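# Residue-level structure breakdown
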Amino acid sequence: MSQVYSTEPATTGRVVIETTLGSIDVNLWCKECPTTCRTFLQLCLDGYYDGMIFHRILSEFLIQTGLTHNASMAAVPSSKMDTYLKQSTAVPTNYREASMTGDLLGWERKKLEVNPRIRFNHRGQVAAAFPLEESSETKDEESSIMLRYQFFVTLDEAPFLDAKHVAFGTVAGSTMFNALRIGRIDADDQTGIPSDMDAPPRIKSIRIDHHPFDDLVKTAEVKIPWKGATTSKDGKGGGDKQTTVEKRRKKRKGKRDLNVLSFGDEERDMEATSNNDQNRSSMLSSHDVLSKESEFLSSNVDEDVHKKAITGNVKDGSNTQGVNVSRLEKKPKIPLRDHVTKPV
């Protein structure tokens, strides 16, 4: 195995992929694969892979990530991805000035980045998912663009992939065991989709340690398509459209559930009463509620009865409009000390 590693060229870049199952250190061949490495590093700088799941897990073969239409971020039209990269530092300044049209991202040039000293003869090789040879997947433009930003890590030697994919990095040291842990996650044998999509293994972030591209800088957020940034007519941002994240964070107005237990009808009656009589208090006594439906009860007391009740001139047993006046008579006050029980 030591002879296998000794044939590979020295790496000139390094990133650390932080996943939910541990970190994976990747050394990059930036000198041998400049176009692929620049594109990969630009996406890492702009946070493209942050939060992405490993959507394809094939045990003892590979783990793959970088799907454009990912549930962890806003849906991005594939055509916008190429436009974004062409305007970023993924394209060298001198090459942009020399060739304003054509293959700015160098998809055709990537075929020249196949190095005979870099092969899939051991596990831990990091390669671009975009195939160099034309296939059924690359004939469809949408599928072809989606594959351009994905990468995979091999879990075993795969010599049949030589000269078919650009291997631009290799996993370093014992962090390979974290990649193997991801490869042991239960997944569909045919598609490789994780069985538990509620908690699939994902990339938390990618930290760039070093690389030789001094002109590579982070893209402004307003130009990053998956962050959903919108600009107003004056170009200062803050347009009328809201991003997907802002829509999710927007507070929702609370709505009372009137179907809980058996209080739904009472709630509706209370709302109807308050809407019909806004000047009245929102709280109603039981007498007021029942008097609306009863033929015997009245919410109004006769004025004569009320006066006589106050002056005490109403005789016992006299009754007006169904009101028992005897109950309105004044009762003699009992001293407080008589209420206290005397000790035996």
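Notes on the structure in this doc start here. On a predicted model such as this, the values are computed, not experimentally measured, just so you know. (Residues numbered from 1 in each chain as written. Predicted model: local features only at pLDDT ≥ 70, side-chain atom pairs only at ≥ 80, totals over all residues. Heavy atoms only, no water.)

What follows deals with the overall build of the protein. Check the secondary structure of the protein and you find 12 helices and 10 strands. Across the 344 residues of the protein, 37% fall into the buried class. Long-range pairs, those at least 24 residues apart, make up 66% of the contacts in the protein with a sequence separation of at least 6. Per element, the accessible surface of the protein, about 22400 Å² overall, is 50% carbon and sulfur. (Helix = DSSP H or I, 4+ residues; strand = E, 2+ residues; numbered from the N terminus. Buried < 20%, exposed > 50% of the residue type's maximum accessible area, 1.4 Å probe, protein only. Contact = heavy atoms within 4.5 Å. Areas by Shrake-Rupley, 256 points an atom, 1.4 Å probe, with all protein chains shown as cover.)

Here we come to the pairing of strand E1 (residues 13–19). The buried fraction of E1 amounts to 5 of the 7 residues, a majority that puts the element mostly inside the structure. Sheet topology note: the E1/strand E2 (residues 22–28) ladder contains 7 bridges and is antiparallel. If you follow Val15 over to E2, its bridge partner there is Val26. Here E1 hands over to E2 after 2 residues, the two strands then running antiparallel side by side. Direction of pairing for E1 relative to strand E8 (residues 203–210): antiparallel, over a ladder of 6 bridges. Residue pairing for E8: Val16 is matched across the bridge by Arg207. (Pairing = 2+ DSSP bridges.)

Once that is clear, we can look at the sheet that holds E1. Pairing is antiparallel across the open sheet formed by 8 strands, whose spatial order is E3-E4-E6-E5-E7-E2-E1-E8. Each of the sheet's edge strands pairs with one partner strand only, and the pair in question is strand E3 (56–58) and E8. Mean inter-strand twist for the sheet, computed between neighbouring axes without regard to direction, equals 20 degrees. Pairing geometry for strand E5 (residues 125–128) and strand E7 (residues 167–171), over 3 bridges, is antiparallel. Paired with Ala127 across the bridge in E7 is Ala167. Against the sheet, helix H2 (residues 34–45) contacts E1, E2, E5, strand E6 (151–154), E7 and E8, and its axis sits at roughly 120 degrees relative to E8. (Axes fitted to C-alpha atoms, helices over the stretch in contact; angles between N-to-C directions.)

This part takes up unusual backbone geometry. Peptide bonds are trans in most cases, and residues, glycine excluded, mostly fall at negative phi. At Glu60, a position not held by glycine, the phi torsion is positive, near 60 degrees. Even without being a glycine, Ala163 presents a positive backbone phi close to 65 degrees. By the secondary structure assignment, Ala163 is in the loop between E6 and E7. Look at Ala163 and you get partly exposed, because its relative accessible area is 46%.

With that out of the way, let us pick up the state of the cysteines. Under the criterion given, the structure shown has 0 disulfides. Left unpaired, Cys33 is separated from the closest cysteine sulfur, that of Cys37, by 5.5 Å. (Disulfide = S-S within 2.5 Å.)

Another aspect to go through is H2. Taking 1.5 Å as the rise per residue, H2 with 12 residues should run 16 Å; its terminal C-alpha atoms sit 16 Å apart, in good agreement. Across the 12 residues that make up H2, a large majority, 10, are buried. Among the residues of H2, Thr35, Thr36, Cys37, Arg38, Thr39, Phe40, Leu41, Gln42, Leu43 and Cys44 are the ones counted as buried. (Expected span 1.5 Å × (residues − 1).)

So, about the nonpolar core. Residues Leu28, Phe40, Leu43, Tyr49 and Phe168 are the most contacted members of the largest nonpolar core, which totals 43 residues. It is H2 that contributes the most residues to this core, 5 residues altogether. Beyond its immediate chain neighbours, meaning those up to four positions away, Tyr49 contacts Phe40, Leu43, Cys44, Gly66, Tyr149, Phe151, Ile203 and Ile206. With 13 residues, the next largest nonpolar core counts Leu62, Ala127, Ala129 and Phe152 among its residues. (Core = buried A, V, L, I, M, F, W, Y, C linked by side-chain atoms within 4.5 Å.)

Applying the stated criterion across every chain, the model contains 5 salt bridges. Between Arg14 and Asp25 there is a salt bridge, with its nearest N and O atoms 2.9 Å apart. With Arg14 in strand E1 and Asp25 in strand E2, this residue pair connects regions lying 11 residues apart in the sequence. For Asp25, a relative accessible area of 15% puts it in the buried group. Put simply, Arg38 and Asp215 hold a salt bridge, and the shortest N to O gap is 3.2 Å. Highlighted residues: Arg38 in helix H2 and Asp215 in the loop between E8 and helix H8 (244–249), separated in sequence by 177 residues. By relative accessible area, which is 34% here, Asp215 ends up partly exposed. Taken together, the shared-partner salt bridges in this structure form one network comprising Arg14, Asp25 and Asp209. (Salt bridge = Lys/Arg side-chain N within 4 Å of Asp/Glu carboxyl O.)

Now for the side chain of Thr154. Summarising the element assignment, Thr154 is placed in strand E6. Here Gln125 takes part through its backbone nitrogen, which lies 3.0 Å from a polar atom of the side chain of Thr154. Setting aside anything within four residues of it in sequence, one finds Thr154 in contact with Phe61, Leu62, Phe120, His122, Arg123, Gly124, Gln125 and Met176. (Polar contact = N/O pair within 3.5 Å; in protein donor to acceptor, adjacent residues only side chain to side chain.)

Geometric values such as these leave the question of function open.
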